[in-house]
Amino acid sequence: MHDKTLAELAAALAKREVSSVELTTHFLGRIERLDPQLNSFVTVTAEQALAAAADADARIVRGEAGPLTGVPMAQKDIFCTDGVKTSCGSKMLDNFVAPYDATVVERFKAAGLPMLGKTNMDEFAMGSSNETSFYGPVKNPWDTTRVPGGSSGGSAAAVAARLAPAATGTDTGGSIRQPAALCNLTGLKPTYGRVSRWGMIAFASSLDQGGPMAQNAADCALLLNVMAGFDPKDSTSIERPDEDFTAHLNQPLKGLKIGLPKEFFGAGMDAGVAKAVDEAIAQYRALGAETVEVSLPNSGLSVPAYYVVAPAECSSNLARFDGVRYGYRCEKPKDLMDLYTRSRGEGFGAEVKRRIMIGTYALSAGYFDAYYLKAQQIRRLIADDFKRAFEQVDVILGPTSPTTAFRLGEKTDDPVTMYLSDIYTIAVNLAGLPGMSLPAGFADGLPVGMQLIGNYFDEARLLNVAHQYQLATDWHRRMPGGFE
Ligand code: GLN
């Protein structure tokens, strides 16, 4: 049962081959049995999940079910969940029980998907390996001595090991796509503004975007149908007519123009990754697509620009965690200043502190123009590069990550090397474009992801381009050994 896709599970529920309570019980059992090896969940909400499953079964009997009613899923622990601990991977919020649901969570509840629990993540979504979590690292089910990627590493490991049929992630610089690549999943970062950020704990507000992580593109389309939509509570949410993201799955690729940015195929990529991506390109040509070399000349500036913009915004967003309003408070503060400094000093981990310091520095008077303003100008140049490329092509293809899953601890002492994990994904966030990662093969037994980037609001096409590849290949169906 657990190896089935969302669409297959939904069909089994509709035909009453299985009930939501049975399905939910099955996944909860897998979590209990297998998650000790992975550490992919921070909180398991068994009781609520079973109650929601019973409601879903009743809805199905009444004939009031939506397309995914009764299929259980997991939520990244960055989304506020009413009455359930919402830690964001941090000691700062270890004691925080959210008083309301994030819009995304509310939508999944309304659609009748029981929540199995909250998944582990890098602290405040800052990281590429899930090693900055207060709850300890997550292990990659393909090789438990390796990282699952980050920051949505708990979601990725849980879905890859089939402890949940799907999960949410958030992507500020690659945190849906890179862990999807390292764990052999399909993950989509929508256009900025597509998915509400209300109740999604902010890291870098102009970059953060929630999205689905699942086995394949068709499942991501089903999930995006629930997640996406205008939300008056989020001032950056974009008002557009609702779309059915599954409606375009089954368009042939003949005549599709795929751009291959020459900057994405240079030095720095592992040979095994390059080989798998090259084979995927050949497969697309066999499906009738045409490939065109394009250039994104400013893409080399994306990592440095991101590491000014993201820390600047996080230093402002994380100012609210002061030991007064909510979250961690130090023991016996001497005075107000002691309360602030010790609560923040004890509540945040090293990576979060590093970013707050960089961001505060970049925003300070005298440095603002040299760093923050300059980074924003570079951001515009990067967006213009994509604009020019999309005048020539329909989608852009490249690797998701320069390497496959690396060993736990391999990059923890060297933040810059860690930051380069997102060298191919960050430009997409800076420009606000939709991007996805999908399985493209294996190198030395470890999954390789390829990235597809679309023009603004072109998710439906992107999902179809991924879906057509998945009809012709079976990489996405492979499961890690030991978790069958
Ligand atoms: N790895 C990047 C960072 O550490 C991106 C994280 C993310 O997308 N949340 O900031």
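The following refers to the structure shown. Computed from a predicted structure; not experimentally measured. (Residues numbered from 1 in each chain as written. Predicted model: local features only at pLDDT ≥ 70, side-chain atom pairs only at ≥ 80, totals over all residues. Heavy atoms only, no water.)

Quick notes on the pairing of strand β3 (residues 115-119)
Then, number 1: Among the five residues that make up β3, five are buried, leaving the element largely enclosed by the rest of the structure.
Then, number 2: In this sheet, β3 lies alongside strand β1 (residues 41-44) in antiparallel orientation, the contact comprising three bridges. From the neighbouring strand, V44 faces β3, where its bridge partner is G117.
Then, number 3: Looking at chain direction, strand β2 (residues 73-76) and β3 are connected through four bridges and run parallel. Bridge pairing in β3 places M73 opposite M115.
Then, number 4: Viewed along the sheet, the connection from β2 through helix α4 (residues 103-110) into β3 turns out right-handed. (Buried < 20%, exposed > 50% of the residue type's maximum accessible area, 1.4 Å probe, protein only. Helix = DSSP H or I, 4+ residues; strand = E, 2+ residues; numbered from the N terminus. Pairing = 2+ DSSP bridges. Right-handed = clockwise from strand over helix to strand, strands pointing away.)

Structural notes on the site of the ligand
Then, number 1: For the ligand, the set of nearby residues contains 15 residues, the closest of which are G173, S175, Y306, R355 and D422.
Then, number 2: Note that an oxygen atom of the ligand is positioned 2.7 Å from one of the backbone N or O atoms of T172.
Then, number 3: A distance of 2.6 Å separates an oxygen atom of the ligand from a polar backbone atom of G173.
Then, number 4: Computed on the free molecule, the ligand has an accessible area of 290 Å², of which 100% lies beneath the protein chains in the complex.
Then, number 5: Among the residues making up the shell around the ligand, the classes are represented as five nonpolar, seven polar and three charged. (Near = heavy atom within 4 Å. Polar contact = N/O pair within 3.5 Å; in protein donor to acceptor, adjacent residues only side chain to side chain. Areas by Shrake-Rupley, 256 points an atom, 1.4 Å probe, with all protein chains shown as cover. Nonpolar A, V, L, I, M, F, W, Y, C, P; charged D, E, K, R; others polar.)

Overview of unusual backbone geometry
Then, number 1: Note that the residue after G150, namely S151, is joined by a cis bond; omega there is 5°.
Then, number 2: Its place among the elements puts S151 in the loop between β3 and α5 (153-160).
Then, number 3: Unlike most non-glycine residues, N184 shows phi in positive territory, near 65°.
Then, number 4: The topology assignment puts N184 in the loop between α6 (177-183) and β5 (186-189).
Then, number 5: A relative accessible area of 3% means that N184 is categorised as buried.
Then, number 6: Unusually for a residue other than glycine, D444 sits at a positive phi of about 50°.
Then, number 7: Considering the arrangement of structural elements, one finds D444 in the loop between β10 (435-443) and β11 (446-454).

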